[in-house]
Amino acid sequence: AGGSLRDAESILDQVTAFTGGKIQEKDIHTLLGDLDEEIFVRAVEGIQAQEPIKLLKLVADASNGGTDLTQWGMGLLGFLRNLLVAKVGAGVLGFEDLGKESVERLVSLSESFGVESLTGMIQEVTFALELMRRVGEPRIPLEVALVRLSTGGSLVAVSDLLGRLEEL
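I will try to describe carefully the structure that is included in this document. (Residues numbered from 1 in each chain as written. Predicted model: local features only at pLDDT ≥ 70, side-chain atom pairs only at ≥ 80, totals over all residues. Heavy atoms only, no water.)

**Regarding a nonpolar patch on the surface**
A contiguous nonpolar patch, built from L162, L165 and L168 and spanning about 390 Å² of accessible area, is present on the exposed surface. The residue L162 is located in helix α9 (residues 158-167) in this model. A relative accessible area of 48% places L162 in the partly exposed class. (Patch = residues over 30% accessible without salt bridge, like charges linked within 9 Å, V, L, I, M, F, W, Y side chains within 5 Å. Areas by Shrake-Rupley, 256 points an atom, 1.4 Å probe, with all protein chains shown as cover. Salt bridge = Lys/Arg side-chain N within 4 Å of Asp/Glu carboxyl O. Helix = DSSP H or I, 4+ residues; strand = E, 2+ residues; numbered from the N terminus. Buried < 20%, exposed > 50% of the residue type's maximum accessible area, 1.4 Å probe, protein only.)

Take a look at the structure:
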């Protein structure tokens with residue numbers, strides 16, 4: 001409810017009506033349109049494995065399932081932010097609402113990326129979200145961003161390039 005008591009009461013009324021009075025956590029997530037973290041884990045793994053088709057399928061599944069793609073993109077952005085926080089070793093800072101298992105998974109997944117790679121991914125998704133709000137078909141900027149990320153666009157760290165040059 002974002003801190004609003006009135007919004008919280010409204011959500012509670014909706015959930016009660018939706019479930020017939022027997023409220024379960026999964027029903028709340030369904031009603032609110034929350035996205036499962038596993039989707040974003042798979043997206044990041046698809047970026048890491050350079051599998052653009054896997055990413056396009058995730059977007060297609062979300063779109064065909066009625067998911068708002070702007071919300072999907074915002075969820076991915078939040079997940080990437082969490083990976084960055086985990087990468088820099090900020091501990092539980094910003095993870096107050098996550099369970100121990102989720103934090104451990106974030107820390108483990110973040111080890112596969114450098115800080116520059118994660119900030120590049122965040123910038124790419126942020127740019128896509130800005131475009132998504134301005135164009136008639138939000139799916140296109142999201143897909144373009146994911147394809148770019150999964151094919152190496154905006155992910156090569158400057159330090160890696162300098163290291164390669166020194167080797168040559």
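**Description of the packing of helix α3 (residues 37-48) against helix α4 (residues 52-64)**
Running from amino to carboxyl end, α3 crosses α4 at an angle of 155°, the nearest separation of the two axes being 8 Å. Judged by the inter-axis angle, α3 sits roughly antiparallel to α4. The way α3 lies across α4 gives a crossing that is left-handed. Taken together, the residues of α4 that come into contact with α3 (itself represented by I39, R42, A43, E45, G46 and I47) are K54, L55 and L58. For the contact of α3 with α4, the class distribution of residues is five nonpolar, one polar and three charged. (Axes fitted to C-alpha atoms, helices over the stretch in contact; angles between N-to-C directions. Parallel < 35°, antiparallel > 145°, perpendicular 65-115°, else oblique. Left-handed = near helix turned anticlockwise from the far one by under 90°. Contact = heavy atoms within 4.5 Å. Nonpolar A, V, L, I, M, F, W, Y, C, P; charged D, E, K, R; others polar.)

**Quick notes on the packing of α3 against helix α6 (residues 100-110)**
Their axes nearest at 12 Å, the elements α3 and α6 cross at an angle of 5°. As summarised for this structure, α3 and α6 are arranged roughly parallel, according to the angle between their axes. Residue-level contacts link E37, E38, V41, V44, E45 and Q48 of α3 to S102, R105 and L109 of α6.

**Overview of the nonpolar core**
With 34 residues, the main nonpolar core has V44, W72, L76, F79, L80, L83 and L146 as its most contacted residues. At the level of secondary structure, the elements contributing two or more residues to this core comprise α3, α4, α5 (69-87), α6, α7 (115-134) and α8 (139-150). It is α5 that provides the largest number of residues to this core, a total of ten residues. (Core = buried A, V, L, I, M, F, W, Y, C linked by side-chain atoms within 4.5 Å.)

**Let's talk about the environment of T70**
Tracing the backbone shows T70 in helix α5. The spatial distance from the C-alpha of T70 to the C-alpha of L142 is 8.5 Å, given a sequence separation of 72 residues. Look past the residues within four positions of T70 in its chain and what remains in contact with it is L129, M132 and P138.

**Remarks on the packing of aromatic side chains**
All told, the structure shown has two aromatic pairs when counted by the stated rule. Ring pairs connect the aromatic residues F40, W72 and F79, which therefore count as one cluster. (Phe/Tyr/Trp six-rings, centres within 6.5 Å; stacked < 30°, edge-to-face > 60°.)

**Details of the environment of N82**
Mapped onto the secondary structure, N82 falls in helix α5. Overall, N82 belongs to the buried group, its relative accessible area being 14%. Between the C-alpha atom of N82 and that of F95, which follows or precedes it by 13 residues, the distance is 7.8 Å. When residues no more than four places from it in sequence are discounted, the contact partners of N82 are F95, L98 and L106.

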